Amino acid sequence: MPILNQADSMYVGDKSVDRVYLGVLEVWSAFQMSSFFANNKQGVYFDSRKQSTLFQDAAGNTPVLYAGDPVGLMLDQSGNEINANQVTSWKRPIYANPASLDASIYSSDFLSILIPTGGWQGTMVLATDTGTASYGVDIPEGEYEIAGKFNPGNTFIAIVLRDGAMTNTDTDIVETNISNGESYNTAISFNNYWRDRTEITSFPLIDTSSGTSFNAAWYGCSSLTSFPLINTSSGTSFSSAWSSCTLLTEFPLIDTSSGTNFSYTWYNCGSLTEFPLIDTSNGTNFSRAWYNCTSLTSFPLINTSSGTNFSYTWFSCSSLTSFPLINTSSGTDFSRAWYNCDSLTSFPLINTSSGTDFNYAWYNCDSLTSFPLINTSSGTDFSRAWSNCTSLTSFPLINTSSGTDFSRAWRNCYLLTEFPLIDTSNGTSFSYTWSNCYSLTEFPLIDTSSGTNFYQAWISCSSLTEFPLIDTSSGTNFSYTWFSCTSLTSFPSNVFDNVKSGNFSWAFNNTNLSQDSIDNILVSLVTSTIGNGTFHQSGGSAPSATGESAINTLRSRGWSVSVTGGY
Amino acid sequence: MTTKYQQRATIVAPESLIADANSLALALGESAADDKTFNTASYQDAQGNLYAVASTVAKPIFAQMAGQPLKAPDHSPDMDLVAATRAQGMLQINNGIANPDVIAVILGDNTENAKDHIEALGLTPIPQEDEL
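Asker: In this structure, what is going on with the side chain of Gln92 of chain B? I would like to understand it.
Answerer: If you trace the backbone, Gln92 of chain B turns up in strand S4 (residues 91–93). Once residues lying within four places of it in the same chain are set aside, the contact partners of Gln92 of chain B are Ile97, Val102, Ile103, Ala104 and Val105 of chain B.

Asker: Explanation requested: the layout of surface pockets in the structure shown.
Answerer: Leftover empty space is mapped by rolling, across the atoms, a probe with the size of a water molecule. All names here are of chain A. Reported here for the second largest pocket is a volume of approximately 810 Å³. Along its surface, the second largest pocket is lined by 28 residues, and Glu26, Trp28, Ser29, Lys50 and Gln77 are the ones closest to its centre. Taken together, the elements giving at least two residues each to the lining of the second largest pocket come down to strand S3 (19–22), strand S4 (25–29) and strand S5 (43–47). Looking at the lining of the second largest pocket, the element that brings in the most residues is S4, giving five residues. Among the residues making up the lining of the second largest pocket, the classes are represented as 13 nonpolar, 10 polar and five charged.

Asker: Explain the packing of aromatic side chains here, please?
Answerer: The description of an aromatic ring pair uses the distance of the two centres, along with the angle that the planes make with each other. Residue and element names in this part refer to chain A. All chains considered together, the criterion is met by 106 aromatic pairs over all chains. Centroid distance Phe371 to Phe395: 5.8 Å. Interplanar angle 10 degrees. Geometry classified as stacked. Here Phe371, found in the loop between strand S16 (200–202) and strand S17 (503–508), pairs with Phe395, found in the loop between S16 and S17; they are 24 residues apart in sequence, far enough to count as distant. Overall, the relative accessible area of 8% leaves Phe371 in the buried class. Overall, the relative accessible area of 8% leaves Phe395 in the buried class. For the cation-ring pair, Arg195 lies above Tyr219, with the distance from its terminal atom to the ring centre recorded as 4.3 Å. We note Arg408 situated over the ring of Tyr432; from NZ or CZ to the ring centre the distance is 3.8 Å.

Asker: What is the right way to look at a nonpolar patch on the surface in this model?
Answerer: All names here are of chain A. A cluster of nonpolar residues, Leu205, Leu229, Leu253, Leu277, Leu301, Leu325, Leu349, Leu373, Leu397, Leu421, Leu445 and Leu469, forms a patch on the protein surface that exposes about 1,300 Å² of accessible area. Relative to the elements of secondary structure, Leu397 occurs in the loop between S16 and S17. We classify Leu397 as exposed; its relative accessible area is 54%.

Calculation rules
- Residues numbered from 1 in each chain as written.
- Chains lettered and ligands numbered in written order.
- Predicted model: local features only at pLDDT ≥ 70, side-chain atom pairs only at ≥ 80, totals over all residues.
- Heavy atoms only, no water.
- Helix = DSSP H or I, 4+ residues; strand = E, 2+ residues; numbered from the N terminus.
- Contact = heavy atoms within 4.5 Å.
- 1 Å grid on protein atoms, 1.4 Å probe; cavity = no way out; pocket = protein on both sides within 12 Å on 5 of 7 lines; lining within 4 Å.
- Points joined across faces, edges and corners; volume = space filled by probe spheres on them.
- Nonpolar A, V, L, I, M, F, W, Y, C, P; charged D, E, K, R; others polar.
- Phe/Tyr/Trp six-rings, centres within 6.5 Å; stacked < 30°, edge-to-face > 60°.
- Buried < 20%, exposed > 50% of the residue type's maximum accessible area, 1.4 Å probe, protein only.
- Lys NZ or Arg CZ within 6 Å of the ring centre and 35° of its normal.
- Patch = residues over 30% accessible without salt bridge, like charges linked within 9 Å, V, L, I, M, F, W, Y side chains within 5 Å.
- Areas by Shrake-Rupley, 256 points an atom, 1.4 Å probe, with all protein chains shown as cover.
- Salt bridge = Lys/Arg side-chain N within 4 Å of Asp/Glu carboxyl O.

Pasting the structure below:
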């Protein structure tokens, strides 16, 4: 063998040949990969087609002989003797036919090498059964997976890794010699192909024209700063495709015209400053598509007319100062859609007429000073929708007639001075709904007839001086409801005549109720005939004899009552 | 001639039994590093119980070894045989879906794959944060 290995050329008669086999074993090749590692160039070359370099065990005692054998050791052919092994027998890739390694992502199979101190910054040429391509890489020192669980193909064929960039001419030569002839152009599914390849710093312009599914294809490629204009014209599903590509600063105008699923597609691409006007006209699912793209300062007028799911779509896009008038007429789920977009100063009059779920939709958009009269007539869940919109000074008369959950909807809207007479007739939960709306000076007579939970509903609305005769007939929880409404002096009679529960713990503490008002409240509670309740009031006036008489009645029914003046 | 690894064995260890299952993998395996076979519990059943999974090709003797009294292999003479035997007693081979009280195994032909075994055992990968 040494003689063959050192030969520069081989002939059969007068015909030059480029490879010589002994049975199925390749014993000589005109191409010498070791030339790329001359002069002490660091790197490795593994080729699963060279069966003599494969062993079933990590120690190299038992050679791989047949398809189906596990591979515990693969010998480096670069001359650097950095062999790849897997000491855990349950995690060894399987030798496949045609010659390649099958590493199951489901049991985390892989071989590993130890990258020396300083790591390698250079080139990787990786051949799989589906295609061969060359990449720029930056691999830190330590363990590195070869033929690992995420492989750009079904099986691993060969890899060349070299410290120090190779020229295009060199990579062309290497690709030709390690490829099985496939070039990705027939691949349909690219799911997980380059997933978690944190070492890839540049990605080649491969042919992905047949690809329909790109789910998680580049998920976690956190060293990529740019991406080529690949052909994705057949792509329908892009779920998580570039998720957590945290260093991408720009994105090309790829063809996404067939795409329907864009969920998580650019999730956590925190370095993107702008986004191209891609064709998303067939997109239905945009859930979390641009989640946490914290550097986007603008967003294009993409076609979202088919979109139904916008949950978390622009969550924490905290540098967006404006938002385009996109078509969201088919959207049903807007939960957390613009959550924490805290640089938005205005919001367009988008079509949300089909929207049912608006929970947290504009939560913490604390630079919005106004809000448009959007159509929310189908909305049922408004919980926390505008919570922490601390710069809103007014709010429009939106249609909330279908709304059932209004919990925390306008919590901490500190600057709202007035509130419209919205339709809350189907609302059941009003917990914290207007809590800490310090600037509200008056409150409208909204329909709360279905409301059961009023826990902390108007807590710390410290500018309210009077309160309307709301319908509390379904109410069961009024704990802390008007707590710290420090200016509240006037409260009407008969408000609680028909309540369903006596839970008024701390309901009126730290208020400024007049004597008539506290009397009104106590007498109304007596009228309710509820027993065994709890009522707390502090601040303002003590009850009169009328109120004290009501307290006596309540206590006779098992109530615990504490009021200003200590009666 | 063909490979001696004619079968594929997929074993799922409930989260609470990972340590014992690793001892069993060491006793049945070919390497002193096989006590690291089961790592993170990254699969779940319909009830949300968590499991670690290992799958590989195996020789037909695997099933026989799994049913015999265990002995410490040459590569790990000081291994915890008590834990391995405890895990062995919890093996349930080709007998229904995974549950937290057993170490479920599917032993099939080597042409079968880990994904199908895991699905047959009623398990799915635990979604990552951005796959929820």
